[in-house]
Amino acid sequence: MPSSFPHIAVIALGSNLDQPEQQVISALNAISAHPEIELKSVSSLYITAPVGYADQPDFVNAVCIVNTALDGKALLAVLNRIEHDFGRERSFRNAPRTLDLDIIDFNGEFSDDPHLTLPHPRAHERSFVMRPLAEIAPDYVIGKHGCAADLAAELGSEGIRLKT
C-alpha cells in the first residue's frame with residue numbers, strides 16, 4: 001500500500017529572539033500538527049553563534065526530518081505561514097529572528113527555482129545545520145556535497161554547542 005506521505009524533507013529550525021528555545025519547540029509542534037506532515041525525527045537543540053551579522057544573540061537551532069504529502073512549494077508555503085504566525089520579520093539578510101524555517105532537502109531533488117533552491121545552497125557550509133542532521137541521519141546525503149556526518153566533521157564545532 002503506497003504511503004500517503006510519499007515525500008521526505010529535511011527542515012532546519014532556528015531562533016534567537018523571544019525565548020528561542022520555546023520558539024523552536026513550538027515550531028516543531030506546529031509542523032507536526034499539520035495534517036499532511038509527519039514528523040519522523042528531531043535533533044537535539046544546539047546553541048550557535050550568529051553567521052553573517054554578528055551583533056545579535058546566539059541562536060537555538062535544530063533539524064527535523066519529515067514525511068509529507070505536500071510538494072516542495074506547498075511545504076515551503078506552510079513553513080512560511082508558520083514563520084509569519086510566530087512573528088517573523090524579514091528586515092535584512094541574517095537579521096535576528098523569532099523563527100527561521102528552511103527546507104534543506106526535499107526528496108534529494110535539485111532545483112534552481114529562486115523561491116525554493118534545492119538542496120539549500122549553503123546548508124553544507126553551516127555546522128548549525130550539518131551537526132544536528134548528522135546526529136539524526138549521519139548518512140543523509142546533501143546534494144553533491146556528501147553525507148551529513150562527513151560534512152559536520154569537516155565544519156568542526158567552533159561556534160556551536162549542544163544545548164544542555
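Residues numbered from 1 in each chain as written. Predicted model: local features only at pLDDT ≥ 70, side-chain atom pairs only at ≥ 80, totals over all residues. Heavy atoms only, no water.

Caption draft 1: Molecular detail of the nonpolar core. Formed by 26 residues in total, the largest nonpolar core has its most connected members in Leu-13, Ile-31, Leu-75, Leu-101 and Ile-103. Listing elements by their share of this core, those giving two or more residues are strand 1 (7-15), helix 1 (20-33), strand 4 (59-68), helix 2 (72-85), strand 5 (100-106) and strand 7 (116-118). Ranked by residue count, the leading element in this core is helix 2, at five residues. Listed in part, the 19 residues of the second largest apolar core include Tyr-46, Phe-128, Met-130 and Tyr-140. (Core = buried A, V, L, I, M, F, W, Y, C linked by side-chain atoms within 4.5 Å. Buried < 20%, exposed > 50% of the residue type's maximum accessible area, 1.4 Å probe, protein only. Helix = DSSP H or I, 4+ residues; strand = E, 2+ residues; numbered from the N terminus.)

Caption draft 2: Looking closely at the state of the cysteines. Taken as a whole and assessed by the stated rule, the structure comprises zero disulfides. As a non-bridged cysteine, Cys-64 has Cys-147 as the owner of its nearest cysteine sulfur, 20 Å distant. Its relative accessible area of 0% is what places Cys-64 among the buried residues. We classify Cys-147 as buried; its relative accessible area is 15%. (Disulfide = S-S within 2.5 Å.)

Caption draft 3: Looking closely at helix 2. Between the first and last C-alpha of helix 2 there are 20 Å, a value that for 14 residues agrees with the 20 Å anticipated at 1.5 Å per step. Taken as a whole, helix 2 has its buried residues at Gly-72, Leu-75, Leu-76, Val-78, Leu-79, Ile-82 and Glu-83. The arc that holds the buried residues of helix 2, viewed along the axis, is 160°, so those residues lie on one side. Exposed residues pointing more than 90 degrees away from the buried face of helix 2 are listed as Lys-73, His-84 and Asp-85. Where helix 2 is buried, its residues meet strand 1, helix 1, strand 2 (37-42), strand 4, strand 5 and strand 7. Residue Asp-71 occupies the N-cap position of helix 2, its side-chain oxygen lying 3.2 Å from the main-chain nitrogen of Lys-73. Once helix 2 ends, the next one or two residues include Gly-87, with phi positive near 85°. (Expected span 1.5 Å × (residues − 1). Arc of directions from axis to C-beta. Contact = heavy atoms within 4.5 Å. Polar contact = N/O pair within 3.5 Å; in protein donor to acceptor, adjacent residues only side chain to side chain.)

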